[in-house]
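Structural features, examined
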Amino acid sequence: MTTITFDTILSELADFLQAQRPAVEPYLPLLVNRDLNGRVRIILGEKHEKDQRGEDAPLRHLAASIHQRLTPHTTSTPERIWLFEDDFDAVMESSQPFRLRDCEGNIISDVFVADRLASEATWSSIKTQASRGGIPRVVFYAMKGGVGRSTAVAACASALAQAGRRVLVLDLDLESPGLSASLLPRDRQPAFGITDWLVEDLVDNGDAVSGALSALCPLSGAGGEIRVVPAHGREPGEYLSKLGRIWMPKFVDGDCRQIWSERLGRLIRELEQEHQPDMVLMDSRAGIDEVASACVTDLGASRIYLFALDSQQTWAGYRILFQHWRRHGGALQIRDCLQIVGALIPTWGDGASREASNVLREQAYDLFLETLYDETPAAPSEGPDNASRGGLDSIFSFDLKDQDAPHHPCCIPWNQNFAAIQSHYDRLDGMDSRLADLVYGGLVADLDSLLRAAP
């Protein structure tokens, strides 16, 4: 008998249900519940409960077979596998399920999975701008820290403001805050920050701090502005105690449960309504954690910049993430928003920059081809319209050298002027705009294209 591990639970169950399709058909749809310990039970409508009574009951036979196949990752006895719900549709709606797939990625029709996690960061419930509408939101994300992500946020915000745009910058690296302190002089720091609002919101006291959550950065240009919302206020106070509570869900309007990322989304909507920015730039936490999940998948980003160095750590991390989206059905919703950013591209030596960019492009192409691109390749001559940058009804596939492809890196060359920055405000204030454009011009041009395309 095949050894069952956590990684094979769902594919084994998928193979079984597919093989037993005639016996399973009368009970569809099914909701597979995988609990915090990784044990599987199956939820179905209460009307089917009668079919497990008696020695020859069909559900009793199915339970015995499933139990044998999935032990130890199921209940202690076969009869406990089934869970019957009188309002099956309500359970489905509240569980945010994904479709069950076999080991080759094929969907098992009418069978869904609710994955119960200790953390509510699933990375699977993708909310895009198309589903949200409104002001473009841009996430700066990296699998590893130290790649110049926060500096890029500051430089892009400055360039957009100098061009007359109103930019709202959110410091969402809550467990390693600092961007806001680096963008705002000490005397400009607001009294409160994002963590303060999230904690006060739990007791319906968000209004007490909402009027002092942001401040204008002096880098704001003629007609443009940079408004910064920090992770915490000028005095952090009991920051660690607050940080340990911001992940809490809240019940609103009586019985509507909002997870923490939904509460964060509500705060961002309020900030957008109050300040009416042209664009929101979000500095995300690096790695695969709660804050990063919220920024990348839950806040309706228009563009997600994936900062990358050519290292095994970088590609292994992004491969885990991309495969998760492919496996859990999020790929179609998010892939059009992604853009690889080549970080710290070397500029010394003959051809070093070109070689580094080409290697990064090839590695990114292999990653996208393996996980997110459709199997039918695009013709090299088709250009940017070959997939409408991710239309759900078209082929999402790009040639290696297609400059409009998400795998084609928007490169940031290494520059001494942007290394080891203690204060982004001090470094950017008075800097020759041509230098900033040389380093960050590609990102700024992409942001400008998003603004022109915004409704």
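Residues numbered from 1 in each chain as written. Predicted model: local features only at pLDDT ≥ 70, side-chain atom pairs only at ≥ 80, totals over all residues. Heavy atoms only, no water.

**A word on the nonpolar core**
Formed by 59 residues in total, the largest nonpolar core has its most connected members in Tyr141, Leu170, Leu172 and Trp325. Excluding its chain neighbours within four sequence positions, the residues that come into contact with tryptophan 325 are Trp123, Ile126, Val296, Thr297, Gly330, Ala331, Ile334 and Leu338. Formed by 43 residues, the second largest nonpolar core is a distinct cluster that contains Ala154, Leu183, Tyr305 and Val341. (Core = buried A, V, L, I, M, F, W, Y, C linked by side-chain atoms within 4.5 Å. Buried < 20%, exposed > 50% of the residue type's maximum accessible area, 1.4 Å probe, protein only. Contact = heavy atoms within 4.5 Å.)

**Notes on the environment of serine 220**
By the element assignment, serine 220 lies in the loop between strand 8 (215-216) and strand 9 (225-229). Since its relative accessible area comes to 24%, serine 220 is described here as partly exposed. In sequence terms serine 220 and arginine 166 are 54 residues apart; their C-alpha atoms lie 8.5 Å from each other. Look past the residues within four positions of serine 220 in its chain and what remains in contact with it is Ala161, Gln162, Glu225 and Ile226. (Helix = DSSP H or I, 4+ residues; strand = E, 2+ residues; numbered from the N terminus.)

**Comments concerning the confidence of the model for the protein**
Of all residues in the protein, 95% attain a pLDDT of 70 or more, and the chain-wide mean is 88. Considering only residues more than four positions removed or in separate chains, one finds that residues 381-388, a stretch of pLDDT under 50, has 15 contacts. (pLDDT = per-residue confidence, 0-100.)

**Focus on a nonpolar patch on the surface**
A cluster of nonpolar residues, Leu309, Leu344, Trp348 and Trp414, forms a patch on the protein surface that exposes about 370 Å² of accessible area. Mapped onto the secondary structure, tryptophan 348 falls in the loop between strand 14 (338-345) and helix 15 (352-371). (Patch = residues over 30% accessible without salt bridge, like charges linked within 9 Å, V, L, I, M, F, W, Y side chains within 5 Å. Areas by Shrake-Rupley, 256 points an atom, 1.4 Å probe, with all protein chains shown as cover. Salt bridge = Lys/Arg side-chain N within 4 Å of Asp/Glu carboxyl O.)

**Points about the packing of aromatic side chains**
This structure, assessed with the given rule, holds 14 aromatic pairs. On the basis of an interplanar angle of 65° and a centroid distance of 5.2 Å, the ring pair of phenylalanine 140 and tyrosine 305 is categorised as edge-to-face. In this pair, phenylalanine 140 is assigned in strand 6 (residues 137-142) and tyrosine 305 in strand 13 (residues 303-308), connecting sequence segments 165 residues apart. Considering the side-chain rings of tryptophan 247 and tryptophan 260, the 4.9 Å spacing of their centres and the 85° angle between planes classify their relative orientation as edge-to-face. Of this pair, tryptophan 247 sits in the loop between helix 10 (239-243) and strand 10 (250-252) while tryptophan 260 sits in helix 11 (residues 260-275), and the two are 13 residues apart along the sequence. (Phe/Tyr/Trp six-rings, centres within 6.5 Å; stacked < 30°, edge-to-face > 60°.)

**Some thoughts on the sheet that holds strand 7 (residues 166-172)**
Spatial ordering of the open sheet is given by 8-9-7-12-6-13-14-15, a layout of 8 strands whose pairing is mixed. Here the strands that pair on one side only, and so sit at the sheet edges, are strand 8 and strand 15 (410-413). Relative to strand 12 (residues 279-284), strand 6 is paired through 4 bridges, and the arrangement is parallel. Bridge assignment links valine 139 to a residue of strand 12, and that residue is methionine 282. Packed onto the sheet, helix 13 (residues 312-327) meets strand 6, strand 13 and strand 14 and runs at close to 150° relative to strand 13. (Pairing = 2+ DSSP bridges. Axes fitted to C-alpha atoms, helices over the stretch in contact; angles between N-to-C directions.)

**Here's the deal with the sheet that holds strand 3 (residues 82-85)**
Across the sheet, 5 strands lie side by side as 3-2-1-5-4; this open sheet has mixed pairing. Pairing within the sheet leaves two strands with one partner each, and these edge strands are strand 3 and strand 4 (98-101). Sheet twist, expressed as the average angle between the axes of neighbouring strands with direction ignored, equals 40°. Here strand 2 (residues 40-45) runs beside strand 3; their pairing, made up of 4 bridges, is parallel. Within strand 3, the residue paired with isoleucine 43 across the bridge is leucine 83. Against the sheet, helix 3 (residues 58-70) makes contact with strand 2 and strand 3, and its axis sits at roughly 130° relative to strand 3, the strand it touches most.

**Some details on the pairing of strand 15**
Side-chain alternation along strand 15 places Cys410 and Ile412 on a buried face and Cys411 and Pro413 on a face that remains uncovered. Here 3 bridges tie strand 14 to strand 15, and the two strands are oriented parallel to one another. Among the inter-strand pairings, valine 341 is bridged to a residue of strand 15, identified as cysteine 410.

**Let's talk about the pattern of salt bridges**
Counted by the stated rule, this structure contains 21 salt bridges. Two residues, glutamate 12 and arginine 69, come together in a salt bridge whose shortest N-O distance is 2.9 Å. With glutamate 12 in helix 1 (residues 9-19) and arginine 69 in helix 3, this pair connects stretches of sequence that are 57 residues apart. Among the residues examined, glutamate 12 registers a relative accessible area of 13% and is labelled buried. The closest approach of N and O atoms between arginine 266 and aspartate 201, which form a salt bridge, is 2.9 Å. With arginine 266 in helix 11 and aspartate 201 in helix 8 (residues 194-201), this residue pair connects regions lying 65 residues apart in the sequence.

**Here we look at the packing of helix 1 against helix 3**
Contact pair helix 1 / helix 3: the axes reach a minimum separation of 10 Å and the direction vectors enclose 145°. Our pair here, helix 1 against helix 3, has a crossing hand that is right-handed. Between helix 1, through Ile9, Glu12, Leu13, Asp15 and Phe16, and helix 3, the contact on the second element is made entirely by Leu62, Ser65, Ile66, Arg69 and Leu70. Its residues placed into classes, the contact of helix 1 with helix 3 shows 6 nonpolar, 1 polar and 3 charged. (Left-handed = near helix turned anticlockwise from the far one by under 90°. Nonpolar A, V, L, I, M, F, W, Y, C, P; charged D, E, K, R; others polar.)

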